Amino acid sequence: EGEDRVEGEESTIEEWAGEGAGGSLEVGWGIGDIVWRMSQRWTRSHVVGLDVSQRSLRLAEALFGESRISFCEGPLVRGRLSGSFDLIVLMDVYEHIGVENRRELHEAIKELKNEQTRIVLAFPTPRHLAWLKIHQPDRIQPIDDDITIETMAVLAHDTGTDVLCYKEVGVW
């Protein structure tokens, strides 16, 4: 609780998520706090967290393991998960997916969405990444791409969805 960036992301999820009753998925959950928050917000829904890190899996299960939450290890690719989700969340993860791997991710999202699905993303602005490259290059990850409205248009096209909102919010 209390970090402006995380609080802003949670507010964005709440604003755009809809009811989330058909289940929620967070890709790249980190320690699992957003997954847990979603389970508290949508108490009749099952929440799934998917991350590529075995360490994150163990930590998230220890911190937030409960019957309505499932944590899974691996990348989001077609066939990894079954069913559909009303809410798919990617918080500070999309910018770390290489351009060459995005179509595979988009295909998996398209497979998991339904008529009501909302996809909510948060990522650093290109302006913030440019600042980091100059002032704090040690905070840049091996893949830390600029995400723009054009990038979101490709995601929307590939997944059969629409961009409902794209806005820059200063939290740093």
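Below, the structure is looked at part by part. None of these values were measured; they are calculated from a predicted model.

Definitions and cut-offs
- Residues numbered from 1 in each chain as written.
- Predicted model: local features only at pLDDT ≥ 70, side-chain atom pairs only at ≥ 80, totals over all residues.
- Heavy atoms only, no water.
- Buried < 20%, exposed > 50% of the residue type's maximum accessible area, 1.4 Å probe, protein only.
- Helix = DSSP H or I, 4+ residues; strand = E, 2+ residues; numbered from the N terminus.
- Pairing = 2+ DSSP bridges.
- Right-handed = clockwise from strand over helix to strand, strands pointing away.
- Axes fitted to C-alpha atoms, helices over the stretch in contact; angles between N-to-C directions.
- Parallel < 35°, antiparallel > 145°, perpendicular 65-115°, else oblique.
- Left-handed = near helix turned anticlockwise from the far one by under 90°.
- Contact = heavy atoms within 4.5 Å.
- 1 Å grid on protein atoms, 1.4 Å probe; cavity = no way out; pocket = protein on both sides within 12 Å on 5 of 7 lines; lining within 4 Å.
- Points joined across faces, edges and corners; volume = space filled by probe spheres on them.
- Nonpolar A, V, L, I, M, F, W, Y, C, P; charged D, E, K, R; others polar.
- Core = buried A, V, L, I, M, F, W, Y, C linked by side-chain atoms within 4.5 Å.

Moving on to the pairing of strand 1 (residues 24-27). Neither face of strand 1 is left uncovered, since the one carrying Ser 24 and Glu 26 and the one carrying Leu 25 and Val 27 both have all their residues buried. Across four bridges, strand 1 lies against strand 2 (residues 47-51) in parallel orientation. Opposite Ser 24, over in strand 2, you have Val 47 as the bridge partner. Between strand 1 and its parallel partner strand 2, the chain crosses via helix 2 (residues 33-41), and the hand of that crossover is right-handed. Here three bridges tie strand 1 to strand 4 (residues 85-91), and the two strands are oriented parallel to one another.

In this section: the packing of helix 4 (residues 99-112) against helix 6 (residues 149-159). Taken N-terminus to C-terminus, the directions of helix 4 and helix 6 make an angle of 45°; their axes are 8 Å apart at the nearest point. Regarding the angle of helix 4 to helix 6, the classification is oblique. The two elements helix 4 and helix 6 meet at a crossing, and its hand is right-handed. For the pair helix 4 and helix 6, contact is made by Arg 102, Arg 103, His 106, Ile 109 and Lys 110 and by Thr 151, Val 154, Leu 155, Asp 158 and Thr 159, respectively.

Turning our eyes to something else, we now look at empty space enclosed by the protein. One pass over the structure, following the stated rule, counts one cavity of 30 Å³ or more. The computed volume of the largest cavity comes to approximately 50 Å³. Forming the boundary of the largest cavity are Glu 10, Ile 13, Glu 14, Ile 34, Arg 37, Met 38, Arg 41 and Trp 42. Elements with a contribution of two residues or more to the lining of the largest cavity: helix 1 (4-16) and helix 2. For the lining of the largest cavity, the element with the most residues is helix 2, which contributes four residues. Considering only residue class, the lining of the largest cavity consists of four nonpolar, no polar and four charged.

Judged by nonpolar contacts, the single largest core of 21 residues is most densely connected at Leu 25, Leu 76, Leu 81, Leu 90 and Tyr 94. Elements represented by at least two residues in this core include exactly strand 1, strand 2, strand 4, helix 4 and helix 6. Considering each element in turn, this core owes the most residues, four residues, to helix 4. Leaving out residues up to four positions away in the same chain, Leu 76 has contacts with Leu 25, Val 27, Leu 50, Leu 81, Glu 104, Leu 105, Ala 108, Ile 109 and Leu 112. Membership of the second largest hydrophobic core comes to 18 residues, among which are Ile 13, Ala 17, Ile 34 and Phe 64.

The next subject is the pairing of strand 4. Within strand 4, seven of the seven residues are buried, leaving the element largely enclosed by the surrounding structure. Sheet analysis places strand 4 next to strand 5 (residues 113-122), joined by six bridges and oriented parallel. Paired with Met 91 across the bridge in strand 5 is Ala 122. Read as a crossover between parallel neighbours, the route from strand 4 over helix 4 to strand 5 is right-handed.

A word on the sheet that holds strand 2. Ordered by their spatial adjacency, five strands build an open sheet running 3-2-1-4-5, and the pairing between neighbours is parallel. Both outer strands of the open sheet, strand 3 (69-73) and strand 5, are each paired with one neighbouring strand and no more. For this sheet the average axis-to-axis angle between neighbouring strands, irrespective of direction, equals 20°. Here helix 3 (residues 54-64) sits on the sheet and contacts strand 2 and strand 3; the angle it forms with strand 3, its principal contact strand, is near 170°. Sheet strands in contact with helix 4 are strand 1, strand 4 and strand 5, and its direction is about 135° off that of strand 5.

Attention shifts here to the environment of Leu 90. Secondary-structure assignment places Leu 90 in strand 4. Once the C-alpha coordinates of Leu 90 and Trp 29 are considered, the two residues, 61 residues apart in sequence, prove to be 8.1 Å apart.

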